[in-house]
Amino acid sequence: MKKNILIVDSGSTKTDWCFINKEGKIKQFKTVGINPNLMDAKSIEVLINQCFQKHLKNHTLQAVHYYGAGIGTSQNKRMVSSVFKKNAPKANIEVLSDIVGAARSLCKDKKGVVCILGTGSNAVFYNGKTFTSIHSSLGYIAGDEGSGNDLGRRVLQHYAYKTFDKPLLDAFEEMVGMDLPSIITKLYKEPFPNRLLASFAKLLAHNRGHFMVENILEDSFTVFFQQHLLKCRQTWQYPIYFTGSISFAFKDVLLQICNHLGLTLGDVSASPMKGLIAYHS
């Protein structure tokens with residue numbers, strides 16, 4: 001039986017929404033990110049309710065597949081699930097971690113090591129049905145190696161400590177439009193500091209070829225490989241798949257590291273959504 005289904009893929013910075021009706025017609029839109037570790041339940045409920053009112057008001061859903069950051073605890077999972085259930089009471093609600101969405105999108109039913117490099121980072125081994133965590137995700141304060149958050153933190157340090165040369169110092173100031181005291185205030189006094197840090201990674205994308213930029217990228221991704229992938233024996237047995245804005249923007253560096261280590265790089269996507277549409281269709 002054909003169904004009206006909703007697929008949601010959410011990170012800390014942005015959320016991709018995709019509604020597929022019974023005839024297979026697709027409607028996609030984006031909102032800011034949803035992360036229960038960084039947002040209270042009321043804020044999440046308001047955001048989801050607004051999406052249903054604006055984009056899905058006249059549709060009865062039979063299934064909702066939600067993949068999101070911050071769904072590591074049963075409490076967060078129940079909270080997000082209950083909000084969707086209020087808006088889609090007749091739907092089968094599935095709320096899972098964003099890494100599950102990445103695995104389904106990239107591997108389908110194949111085995112592989114699956115990584116997310118976006119605002120945050122994560123890595124698992126996927127056996128085609130279920131996944132095994134390589135390490136616990138420590139989030140933007142204590143972990144997130146190789147992520148936009150990690151890259152942005154390195155950029156900010158190079159700027160603040162004056163280790164950038166003048167062209168990069170000028171480029172950072174033009175891009176950010178704030179002085180250092182304002183950045184520090186915003187970083188420590190306002191919500192979503194991880195989004196702010198991740199935004200600084202744009203400097204790297206806009207200045208490829210500069211030796212300091214290439215060093216930052218190589219250093220950050222090398223730590224991600226060392227701390228996560230190289231400690232997983234399946235890394236040498238199966239392809240390594242990546243999704244997320246950071247992995248897609250700098251996939252040439254990931255390929256270089258894989259070639260150097262003798263590893264196999266699988267598909268690299270900017271977002272899991274295209275693969276999730278194929279998976280659930």
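Conventions used here
Throughout this description, residue numbers start from 1 for each chain and increase along the sequence as written. In view of the model being predicted, local features appear only for residues whose pLDDT reaches at least 70, and side-chain atom pairs are presented and counted only at 80 or more, with totals across whole chains, interfaces and linings using the full set of residues. With hydrogens and water set aside, each side-chain value is computed from the structure's full complement of heavy atoms. Going along the chain from the N terminus, every DSSP run of H or I of four or more residues is numbered as a helix, and every run of E of two or more is numbered as a strand. Only protein chains enter the accessibility calculation, which uses a 1.4 Å probe; a residue whose area is less than 20% of its type maximum is buried, one above 50% is exposed, and one in between is partly exposed. Here, a strand pair is defined by DSSP locating no fewer than two bridges between the strands. Angular values range over 0 to 180 degrees, each being the angle between N-to-C directions of two axes fitted as lines to C-alpha atoms, with helices fitted over their stretch in contact. Working rule for contacts: check all heavy atoms of both residues, and any pair within 4.5 Å makes them a contact. Any angle that falls under 35 degrees is termed roughly parallel, while one over 145 is termed roughly antiparallel, one within 65 to 115 roughly perpendicular, and all others oblique. By the definition used in this description, the sense in which the near helix is turned from the far one sets the handedness, with an anticlockwise turn below a right angle giving left-handed and a clockwise turn giving right-handed. For this classification, Asp, Glu, Lys and Arg are treated as charged, while Ala, Val, Leu, Ile, Met, Phe, Trp, Tyr, Cys and Pro are nonpolar and the rest, including Gly, are polar.

### Considering the environment of D9
Its place among the elements puts D9 in strand β1 (residues 5-10). The exposure class assigned to D9 is buried, which follows from its relative accessible area of 9%. For the pair D9 and Q256, spaced 247 residues apart in sequence, the C-alpha separation works out to 28 Å.

### Re the sheet that holds strand β3 (residues 26-32)
If you walk across this open sheet you meet the five strands as β3-β2-β1-β4-β5, and the pairing is mixed. In this open sheet, the two edge strands, each paired with only one partner strand, are β3 and β5 (92-97). When the angles between neighbouring strand axes are averaged without regard to direction, this sheet yields 15°. The sheet contact formed by β1 and strand β2 (residues 14-20) spans six bridges and is antiparallel. From the neighbouring strand, S10 faces β2, where its bridge partner is T15. Set on the sheet, helix α1 (residues 41-55) makes contact with β1, β2 and β3; between it and β3 the angle comes to about 145°.

### As for the packing of helix α10 (residues 211-227) against helix α12 (residues 251-261)
Contact pair α10 / α12: the axes reach a minimum separation of 10 Å and the direction vectors enclose 55°. Between α10 and α12, the interaxial angle falls into the category oblique. Read as a crossing pair, α10 and α12 show a hand that is right-handed. Here L217, E218, F221, T222 and F225 of α10 come into contact with α12, specifically with V253, L254, I257, C258 and L261.

### Focus on the pairing of β2
Of all seven residues in β2, six are buried, a share of seventy percent or more. Once β1 ends, the chain turns through three residues before running back antiparallel as β2. Where β2 meets β3, seven bridges bridge the pair, whose relative direction is antiparallel. Opposite I20, over in β3, you have I26 as the bridge partner. Here β2 folds back onto β3 in antiparallel fashion, the turn holding five residues, of which G24 has a positive phi close to 90°.

### So, the packing of helix α5 (residues 148-160) against α10
In the contact formed by α5 and α10, the axes pass within 10 Å of each other and the chain directions differ by 140°. Taken together, the axes of α5 and α10 are oblique relative to one another. Handedness of the α5/α10 crossing: right-handed. Between α5, through D150, L151, R154 and H158, and α10, the contact on the second element is made entirely by M212, I216, L217, D219, S220, F221 and V223. Residue classes in the contact of α5 with α10 are distributed as six nonpolar, two polar and three charged.

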